[in-house]
Amino acid sequence: MKNRIVAILEKALAACRRQGLLTAAEAPVIEVELTKDPAHGDYATNLAMILASREKKNPRLLAGMLSEAIADTEGILERIEIAGPGFMNFSIRTEVWVKELTAVHAQRERYGMMDFGRGKKVQVEFVSANPTGPLHIGHARGAVVGDVLANLLTAAGYAVSREYYINDAGNQMRNLGRSLWYRYREQMGQSVEFPDGCYRGDYMKDLAARVIAADGGAWLASEEEAVITAFTDYAAGAILEGIKQDLQAFGVIFDCYFSERDLYRDNRVGRLLAELQEKGFVYREGETLWFKTTAFGDDKDRVVVRQNGEPTYFAADIAYHANKYQRGFDRVIDVWGADHHGYIPRLYAGIQALDRSPEDLKIVLVQLVNLLRDGKPVAMSTRSGEFVTLREVVDEVGRDAARYNFMMRRSDSHLDFDLELAKKQSNENPVYYVQYAHARICSILRMAQERGYRAPTDGEAALRRLKLSEEIDLIKAVTRFPEVMEGSVKALEPHRLTFYLNDLAALLHSYYNKNKVLSEDQAMSEARLYLVESVRIVLQNALKLLGVSTPERM
RNA sequence: GCGCCCAUGGCUCAGCUGGAUAGAGCGUCGGACUACGAAUCCGGAUGUCGCAGGUUCGAAUCCUGCUGGGCGCGCCA
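Residues numbered from 1 in each chain as written. Chains lettered and ligands numbered in written order. Predicted model: local features only at pLDDT ≥ 70, side-chain atom pairs only at ≥ 80, totals over all residues. Heavy atoms only, no water.

**Some points on helix H11 (residues 313–326)**
- Taking 1.5 Å per residue as the helical rise, H11 with its 14 residues ought to reach 20 Å, and the 20 Å between its terminal C-alpha atoms agrees with that figure.
- Among the 14 residues in H11, twelve count as buried, and that is most of the element.
- Buried within H11 we find Phe 314, Ala 315, Ala 316, Asp 317, Ile 318, Ala 319, Tyr 320, His 321, Ala 322, Asn 323, Lys 324 and Tyr 325. (Helix = DSSP H or I, 4+ residues; strand = E, 2+ residues; numbered from the N terminus. Expected span 1.5 Å × (residues − 1). Buried < 20%, exposed > 50% of the residue type's maximum accessible area, 1.4 Å probe, protein only.)

The structure is reproduced here in structure tokens:
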């Protein structure tokens, strides 16, 4: 609908320019928005005020001129009003709103889906937690953000791949193997002192027990270095397997798990560094290799190969991103914890040295979750083993409530997650408000079937009965869905969906309480069935994108 | 010290990239079930959009400077 107004305005604008009524060199971008106040009609544009400054003319006069030039060939406009400093307010005819619903019914589960992605390959990389322990509640937020972003991009017509980067090549991995080694010895009856940096959670005890169950004390006889290497692989593999299962229970399924070790396997890191050195972005200082990130706006240059000859994490990350583009992704989205923000300029420098545009990389920052229990902060640390796992959250709060909760704030704002509150208040959780609206409609549909009522199939005649202001408001909300989708995808802001859903559910509940859908008047009932069914379709489509279920009964 | 993010009713947060009288939820006060489901609805109260300037027809939104909070500044990952 918005686009139709824009199109009408474009024609009017062009007409005015042809007639020499407008003289400025370039035509402005036309912006049309939904009005907040019904007194301002349905849509409004500030076009005349934008023109006013360019043309040096009175905005209200310009608005009048544009209004004269408008040719409403489709007959969708009830009236145009000029208001305030020069707004043009458009009121859409009621029948036109009602007719919009036919698109919802025609497209059903495709309603709101778009194709502007044009099949371009996009990769969303998220979670990417080191396999040193189970995922905890902090990872859960990133998991949902990444997953829903991927859903949104898919819905916009992109070819999306979900990827998990496994940082399995650093010192942390070695610590993991060593931690298991100490636990193992402890359980074999030796007295051990755990060095700093060890992972001490219960899951390590379980792993040690599994090793003992399989091999007994056989490892005690082996040389320590060899044991640690073997234990590292074993622990990382087992933990990663657990992570995959936890993610699956949370409704998150990756297309690809990419191992950092693979980057070293055929010397991709080394070859990449050589290439960058050739291009002049890498220089040597003694044994150390530096990347000239300052050439791309970073504060200082960064080391890519240490004095001891080992490449840094950063070096591997450049190689990793080079690899992403080599795999044909036109656009790469990384979802990171906000504590990594200082790393952003570095990575942008990296991809630009590879001749990629900064446009090809988008980093979405997710603020860490502030975990509370009864209002008091809970300290979390993977190493000490004190944390609430993703699995526990899913089991206790439920998948739907957990996912919806994480989607209720912009990803870059802090999020308090109170465990007791989430559990205790599960019945008052906003997710149920939305799901209840869906279940309610399903209930009406069941009742309608019993009475032998059917929503009209093409139904334009029958739909003329929908003319209450609550009905038009509901239709407006329903048909706004594609616009919400588009904005949400383009801004990479999935939280907009939950706010929209809340609005839509509120209108539905309000309408339900005020007006009976099913009555003695069959034609009226059927028209209203058509309306609530369209609400249901949109609720379902949006909830599906969030990975939240749509119960027919609750 | 330098950099990034944040500051909006009592609390938690939106505010569609500069629009008209700043909105929700929770909480609070008062109402609505012989009803298609009360996990719902209806109504009331609550604001110097951190402070001070600036940009313009117009600022919660953009710029500058303060104040207060979070995070980051490794040849860790």
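**Quick look at the pairing of strand E8 (residues 282–285)**
- With four bridges joining them, E8 and strand E9 (residues 288–291) adopt antiparallel strand pairing. Counterpart to Tyr 283 in the pairing with E9 is Trp 290.
- The turn linking E8 back onto E9 is made up of two residues, and Gly 286 within it adopts a positive phi angle of 65 degrees. (Pairing = 2+ DSSP bridges.)

**Focus on the pattern of salt bridges**
- Within this structure, the stated rule accounts for 33 salt bridges.
- In this structure, the salt-bridge partner of Glu 74 is Arg 4, at a minimum N-O distance of 3.5 Å. Taken together, the positions of Glu 74 in the loop between helix H3 (59–69) and strand E3 (77–83) and Arg 4 in helix H1 (residues 2–18) put the pair 70 residues apart, joining distant regions of the chain.
- Given the relative accessible area of 53%, Glu 74 is considered exposed.
- Here the residues in one salt-bridge network are Arg 410, Asp 412, Glu 493 and Arg 496, joined through shared partners. (Salt bridge = Lys/Arg side-chain N within 4 Å of Asp/Glu carboxyl O.)

**A word on the side chain of Glu 163**
- Along the chain, Glu 163 falls in strand E6 (residues 159–166).
- Judged by its relative accessible area of 0%, Glu 163 falls in the buried class.
- Apart from the residues lying within four places of it in its own chain, the contact partners of Glu 163 are Gln 123, Val 124, Glu 125, Phe 126, Ser 128, Phe 254, Cys 256, Phe 258, Tyr 320 and Arg 327. (Contact = heavy atoms within 4.5 Å.)

**A word on the packing of helix H4 (residues 94–107) against helix H18 (residues 469–479)**
- The contact between H4 and H18 brings their axes to 9 Å, and the two run at 45 degrees. Regarding the angle of H4 to H18, the classification is oblique. Note that H4 runs across H18; the crossing there is left-handed. Within the contact between the two elements, H4 uses Thr 94, Trp 97, Val 98, Glu 100, Leu 101 and Val 104 and H18 uses Ile 472, Ile 475, Lys 476, Val 478 and Thr 479.
- Among the residues making up the contact of H4 with H18, the classes are represented as seven nonpolar, two polar and two charged. (Axes fitted to C-alpha atoms, helices over the stretch in contact; angles between N-to-C directions. Parallel < 35°, antiparallel > 145°, perpendicular 65-115°, else oblique. Left-handed = near helix turned anticlockwise from the far one by under 90°. Nonpolar A, V, L, I, M, F, W, Y, C, P; charged D, E, K, R; others polar.)

**Observations regarding the pairing of E6**
- Extensive coverage of E6 is indicated by the burial of seven of its eight residues.
- When strand E5 (residues 121–125) meets E6, the two strands line up parallel, connected through five bridges. Paired with Val 124 across the two strands is Arg 162, which belongs to E6.
- As paired elements, E6 and strand E7 (residues 256–259) share four bridges and run parallel to each other. Bridge pairing links Tyr 164 to Tyr 257 in E7.

Nothing here speaks to function; it is all geometry.
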